[in-house]
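Chain by chain, the residues run as shown.
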Amino acid sequence: MKSIALIGAAVVALVSPGVAIAQSPPELASPNANMPYLGVNGTFTLDTSVPASRHDPRNPARIVFNEMRQFSFYRDLEGREAIAQNCEYVYRGAAPDPFYYPRYQSSIWDQFELASDDPACSGFRYVILRAPHGEPIHMHFRYGGEDSSFQALLNMSTGASDENRINPWWSLYCAEGVTGCD
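Throughout this document, residue positions are counted from 1 along each chain, in the order its sequence is written. Totals for whole chains, interfaces and linings use all residues, but because this is a predicted model, local features are given only for residues with pLDDT of at least 70 and pairs of side-chain atoms are given and counted only at 80 or more. To obtain the side-chain values, all non-hydrogen atoms of the structure were used and water was disregarded.

## Topic: the overall build of the protein
The helix and strand labels rest on DSSP assignments: H or I over at least four residues marks a helix, E over at least two residues marks a strand, and numbering proceeds from the N terminus. A count of helices and strands for the protein gives three helices and eight strands. When the helices and strands of the protein are listed from N to C terminus, the series reads α-β-α-β-β-β-β-β-β-α-β. Considering only intrachain contacts with a sequence separation of at least 6, the fraction spanning at least 24 residues in the protein is 50%. The method behind every accessible area is Shrake-Rupley, applied with a 1.4 Å probe, and residues are considered shielded solely by the protein chains displayed. Here the protein has roughly 10400 Å² of accessible surface; of this, 54% comes from carbon and sulfur atoms. We call two residues in contact when some of their heavy atoms are within 4.5 Å.

## Observations regarding the state of the cysteines
Our working definition of a disulfide is a cysteine sulfur pair at a distance within 2.5 Å. For the coordinates displayed, the defined rule picks out two disulfides. What pairs with cysteine 87 in a disulfide is cysteine 121, and their sulfur atoms sit 2.1 Å apart. Sign of the S-S torsion, about -85° for the bond between cysteine 87 and cysteine 121, identifies this disulfide as left-handed. Residue cysteine 87 is located in strand E4 (residues 82-96), and its partner cysteine 121 is located in the loop between strand E5 (108-114) and strand E6 (126-133); the two are separated by 34 residues in the primary sequence. Between buried and exposed lies partly exposed: a residue is buried under 20% and exposed over 50% of the maximum accessible area for its type, with that area taken using a 1.4 Å probe on protein chains only. Assessed through its relative accessible area of 0%, cysteine 87 is described here as buried. What pairs with cysteine 174 in a disulfide is cysteine 181, and their sulfur atoms sit 2.0 Å apart. Of note, the bridge from cysteine 174 to cysteine 181 carries an S-S torsion of about -80° and is left-handed in sense. For the pair formed by cysteine 174 and cysteine 181, the shared burial category is buried. Ordering the disulfide-forming cysteines of the protein by sequence position, one finds them joined as 1-2, 3-4.

## Looking at the confidence of the model for the protein
Overall, the prediction assigns the protein a mean pLDDT of 85, with 85% of residues at 70 or greater. A score between 0 and 100, pLDDT records how confident the predictor is in each residue. Segment residues 1-25: pLDDT under 50, and two contacts once partners within four positions in sequence are set aside and those in other chains are kept.

## Description of the packing of aromatic side chains
Pairing of aromatic side chains requires ring centres within 6.5 Å, counting the rings of Phe and Tyr and the six-membered ring of Trp. Pairs whose planes differ by under 30 degrees are stacked, by over 60 edge-to-face, and all others tilted. Inspection of the entire model under this criterion finds 17 aromatic pairs. For the ring pair phenylalanine 71 and phenylalanine 73, a centre distance of 6.5 Å and an interplane angle of 80° mean the geometry is edge-to-face. Since its relative accessible area comes to 0%, phenylalanine 71 is described here as buried. Consider the rings of phenylalanine 99 and tyrosine 100, whose centres lie 4.7 Å apart with planes at 80°: the pair is edge-to-face. Given a relative accessible area of 30%, tyrosine 100 falls into the partly exposed group. Three or more aromatic residues link up through ring pairs in this structure, and these residues are Phe44, Phe65, Phe71, Phe73, Tyr89, Tyr91, Phe112, Phe124, Phe141, Tyr143, Trp169 and Tyr173. Over a ring means this: the NZ of a Lys or the CZ of an Arg is within 6 Å of the ring centre and within 35 degrees of the ring normal. In this arrangement the basic side chain of arginine 58 is found over the ring face of tryptophan 169, its NZ or CZ atom lying 4.4 Å from the centre. Across from the ring centre of tryptophan 170, 4.7 Å away, lies the NZ or CZ of arginine 142, which sits over that ring.

## With respect to unusual backbone geometry
Going from tyrosine 101 to proline 102, the amide bond is cis rather than trans, its omega being 15°. Residue position: proline 102 is located in the loop between E4 and E5. Of the consecutive residues glutamate 135 and proline 136, the connecting peptide bond is found in the cis state with omega at 0°. Along the chain, proline 136 turns up in the loop between E6 and strand E7 (138-144). A positive phi angle, near 50°, is found at glutamate 67, a position not held by glycine. Inspection of the secondary structure puts glutamate 67 in the loop between strand E2 (62-66) and strand E3 (70-74).

## Quick word on the pattern of salt bridges
Between Lys or Arg on one side and Asp or Glu on the other, a salt bridge is scored when a side-chain nitrogen of the former is within 4 Å of a carboxyl oxygen of the latter. Counted under the stated rule, the structure contains six salt bridges. The shortest N-O distance in the salt bridge between aspartate 56 and arginine 58 comes to 2.6 Å. Here arginine 58 falls in the partly exposed class, since its relative accessible area comes to 22%. Across the pair glutamate 67 and arginine 69 runs a salt bridge whose closest N-O atoms are separated by 4.0 Å.

In structure tokens:
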């Protein structure tokens, strides 16, 4: 009998005018949620037609993604000079860009955290990327080491513009071998 009374009270609360119903905000999903591996699979190279991306020393020239779980980073476009290879990652969900979202609903970053203990990978502990999108396909990518965080990487979108430090940091990567992808 008590359970019927509780259910009845809940129904009255739901349909009574002026009664606020607490709802948790919906979980944000990647724009590529319906694609295998969020589209984070394959080789992407730095868009050499964009000077800010090409001249930023933070940007690896080549990134190889294996099914959204294993990333390799290279200094050169051809993939001969490895920075870190076969770094294992865990997907930590999607987060809105603090500058562009919600005005641009697709401005969502996917977050990955390092799961392997290879010292070469430690500089890439936190990785965020705007999943591959557009035509031609391209993505944006940021990373940080032990002293960073997802929030610090996201906040780079709101930092003051500084051409000497190439900020805000908006690296641009195309599907392998493509340039002029934005």
